Amino acid sequence: LEEDNALAMGEVTESYHKSIVNLAVGTLYCERGNYDFGISRICKSLEPFDKNLSPDTWFYTKRCFLALASKISKLMFMMN
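A few words on the packing of helix α2 (residues 35-45) against helix α4 (residues 55-79). At a closest axis distance of 11 Å, the pairing of α2 and α4 adopts a crossing angle of 150°. Relative to α4, the element α2 is oriented roughly antiparallel. α4 is crossed by α2, and the crossing has left-handed handedness. For the pair α2 and α4, the contacting residues are Tyr 35, Ile 39, Ile 42 and Cys 43 in the first and Thr 61, Cys 64, Phe 65, Ala 67, Leu 68 and Lys 71 in the second.

In structure tokens:
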């Protein structure tokens, strides 16, 4: 029973660790202006949403989405 609990806890920790790594990589790509790859990496980091979406991960995800929206709005404003 203890081995099963330790194994399950290790899988959860490993999954969350991969999520954080993907989120960090996606954030860095968004910061450099490569929003296509960055946003796709961020979306991948949140899967499965029920386990990986938390207030902490949403904070960094939201920053990238808002930066993309800001860049698009500035481009649209310059076009008019």
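For Thr 57, the location among the structural elements is in helix α4. Note: C-alpha distance between Thr 57 and Leu 46 (11 residues apart in sequence) is 8.0 Å. When neighbours within four sequence positions are excluded, Thr 57 is seen to be in contact with Tyr 16, Ile 20, Leu 23, Leu 46 and Asn 52. Within polar-contact distance, the side chain of Thr 57 engages the backbone oxygen of Asn 52 at 3.0 Å.

Rules used throughout
Residues numbered from 1 in each chain as written. Predicted model: local features only at pLDDT ≥ 70, side-chain atom pairs only at ≥ 80, totals over all residues. Heavy atoms only, no water. Axes fitted to C-alpha atoms, helices over the stretch in contact; angles between N-to-C directions. Helix = DSSP H or I, 4+ residues; strand = E, 2+ residues; numbered from the N terminus. Parallel < 35°, antiparallel > 145°, perpendicular 65-115°, else oblique. Left-handed = near helix turned anticlockwise from the far one by under 90°. Contact = heavy atoms within 4.5 Å. Polar contact = N/O pair within 3.5 Å; in protein donor to acceptor, adjacent residues only side chain to side chain.

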